[in-house]
Amino acid sequence: MDQSNAVTRRGFVKTASTAAVASLILPNSSFGTISSSAKRRYAVVGTGERSISMWAKPVVQNYTDILETVGLCDINVKRVAVARKMSGASCPTFTNFDQMCDQAKPDLLMVTTVDGFHSQYISRALDRGIDVITEKPMVIDEKQCQEVLDAERRNKRQIVVTFNYRYAPKHQKIKEILMSGAIGRVISVDFSWYLDVYHGADYFRRWHRLKSKGGSLWVHKATHHFDLVNWWLDADPVEVSAQAALETYGRRGPFRSTHCRACPHTAACRFFYDMTKNSTRMELYANCEDVDGYHRDGCVFREDVDIYDTMSAVVKYSNGVHMSYSLNAFMPFEGYRLAFNGEKGRLEIRDYERQPWPVDEETEVYLTKSFGQREKIPIERVAGGHAGGDERIRDLIFRNTEMPSYMRLPDSRAGALSCLTGIAARKSVELRRPIKISELVKLPARSVT
């Protein structure tokens, strides 16, 4: 899955015993530490840029003592061959998923396809007895969500959803402050996420521009944010009311083409993207586009864009909390503002991911107690993809590294609730009414920790 990544940091915290965490993470221990004499047979379906950098190449570089990569699969025969070379994997490549399963016989599958196809590969793998890890979002609509949950239940297995943002040390710190009771019971949440004219625009260049492929940014992007809030609050979303519009991209553009390399308006277009300067994308996408017609540098003004670039929602949670959320995809800077309003104080976060001015700290956290003073909470600046979350979640999945119980791996229920928040928001916009999560899917009960 091709996904832009704008931030690098690192960090790790160990506080719980491996045995205790293993029992909390995965009752069947299927993703636990494995001896070198019993390597898991690992395969990847979907070989875009994100797939290679996060789930193919790092496995070859760092996990060959416990994982054997036995297959890479993509519908584009040229792209999967490039992915094999870029990742350093010495395994067969496939364009047919069932053929890969029959011949390579994986027992662990990483799903990194276009979002709209996640559900079919998850379900088919589970029905074959293959354990599944999937990139977010787990699914893009309520029908797919029910199908995946049903497949998991009938096969008595467990899905892991890779919400790497949970594992950024700064986000763990927020969780710990809330758990400490420093602001008392949380009453409401203010959350605004800003995608800039580089990262935000990129979603309108690619397959994400279509609801049928990515479910809209309510699902593809905001599922990250909704999962964080669900986890921070330790609560379920129950109802969503939303509004959204397309204000900058798609049909709003003054002119259009198929893609930037073929565009006659490059001198006039402020969103012109010269992909020829990126050798990786030229090899992985431009040199493979004759197979499937996919343009990685697609025009952001194409008239088939049917997603939104400005969104707002009010989300009600099972513990009585209300969240006011917004996402804009055409901002001059990238990052977020977040605040938890509690009965005893307020926790405020300002996160800078990219902006046209210097900042002393990438993440600022302030705790203000009622009748008290404002305290600045120190946040370590670390390296690593997704604010340090990428390496930590890989190690937790593949090596069962030590983590406190509240850092256990996100399961299908977490994957469903994050998606369903976005799905409910999208349906609220379309139907012009609040949407209850219970209208959409029959969820499994919350686990007891």
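Residues numbered from 1 in each chain as written. Predicted model: local features only at pLDDT ≥ 70, side-chain atom pairs only at ≥ 80, totals over all residues. Heavy atoms only, no water.

Visitor: Looking at this structure, how should I read the packing of aromatic side chains?
Guide: Aromatic ring pairs are described here by two measures, namely the spacing of the ring centres and the angle between the planes. Per the counting criterion, the structure on display carries 20 aromatic pairs. On the numbers, 5.9 Å between centres and 55° between planes, the contact of F191 with W193 is tilted. There is no split in this pair, since F191 and W193 are both buried. Taken together through their ring pairs, the aromatic side chains of Y165, F191, W193, W218, F226, Y325 and Y336 make up a single cluster. Directly above the aromatic system of Y352 lies the positively charged group of R350, at a separation of 4.2 Å from the ring centroid. (Phe/Tyr/Trp six-rings, centres within 6.5 Å; stacked < 30°, edge-to-face > 60°. Buried < 20%, exposed > 50% of the residue type's maximum accessible area, 1.4 Å probe, protein only. Lys NZ or Arg CZ within 6 Å of the ring centre and 35° of its normal.)

Visitor: I keep staring at the nonpolar core and nothing clicks. Help me out?
Guide: One recurring pattern in soluble globular proteins: nonpolar side chains tend to sit buried together. Within the largest apolar cluster, 119 residues are counted, with the highest numbers of intra-cluster contacts made by F191, F204, W218, W232, F340, L347 and F398. If sequence neighbours within four positions are ignored, F204 has contacts with R209, L217, L246, Y249, C299, V300, R302, V305, I307, Y308, D309 and A329. (Core = buried A, V, L, I, M, F, W, Y, C linked by side-chain atoms within 4.5 Å. Contact = heavy atoms within 4.5 Å.)

Visitor: Looking at this structure, how should I read the side chain of E362?
Guide: With respect to the helices and strands, the residue E362 is situated in the loop between β12 (345-354) and β13 (363-369). Its relative accessible area of 15% is what places E362 among the buried residues. Within polar-contact distance, the side chain of E362 engages the side chain of R381 at 2.6 Å. (Helix = DSSP H or I, 4+ residues; strand = E, 2+ residues; numbered from the N terminus. Polar contact = N/O pair within 3.5 Å; in protein donor to acceptor, adjacent residues only side chain to side chain.)

Visitor: Honestly, helix α10 (residues 222-233) in this entry has me stumped. Any pointers?
Guide: Side chains of residues three or four places apart in an α-helix project in the same direction, reflecting 3.6 residues per turn. Under the 1.5 Å per step criterion, the end-to-end length of α10 is 16 Å for twelve residues, consistent within 8% with the ideal 16 Å. Within α10, the full set of buried residues consists of A222, T223, H224, H225, F226, D227, L228, V229, N230, W231, W232 and L233. Where α10 terminates, the next one or two residues include D234, which has phi positive at roughly 55°. (Expected span 1.5 Å × (residues − 1).)

Visitor: Teacher, can you tell me more about the sheet that holds β13 here?
Guide: In a beta sheet, neighbouring strands pair by backbone hydrogen bonds and run either parallel or antiparallel. As summarised here, the arrangement of the nine strands in space is β14-β13-β12-β11-β7-β10-β9-β8-β15, forming an open sheet in which the pairing is mixed. Whereas interior strands pair on both sides, the edge strands pair on one side only; in this sheet they are β14 (374-377) and β15 (435-436). Note that strand β9 (residues 310-317) and strand β10 (residues 322-331) share seven bridges and pair antiparallel. Paired with S312 across the strands is S326, a residue of β10. Contacting β8 (237-245), β9 and β15, helix α14 (residues 412-431) crosses the sheet at an angle of about 50° to β8. (Pairing = 2+ DSSP bridges. Axes fitted to C-alpha atoms, helices over the stretch in contact; angles between N-to-C directions.)

Visitor: Got a minute to help me understand the state of the cysteines in this structure?
Guide: Working definition of a disulfide: a covalent bond connecting the sulfur atoms of two cysteines. According to the stated counting rule, one finds zero disulfides in the structure shown. Cysteine C73 is unpaired, with the sulfur of C101 as its nearest cysteine sulfur at 8.0 Å. Not part of a disulfide, C419 finds its nearest cysteine sulfur in C145, a span of 6.4 Å. Look at C419 and you get buried, because its relative accessible area is 0%. (Disulfide = S-S within 2.5 Å.)

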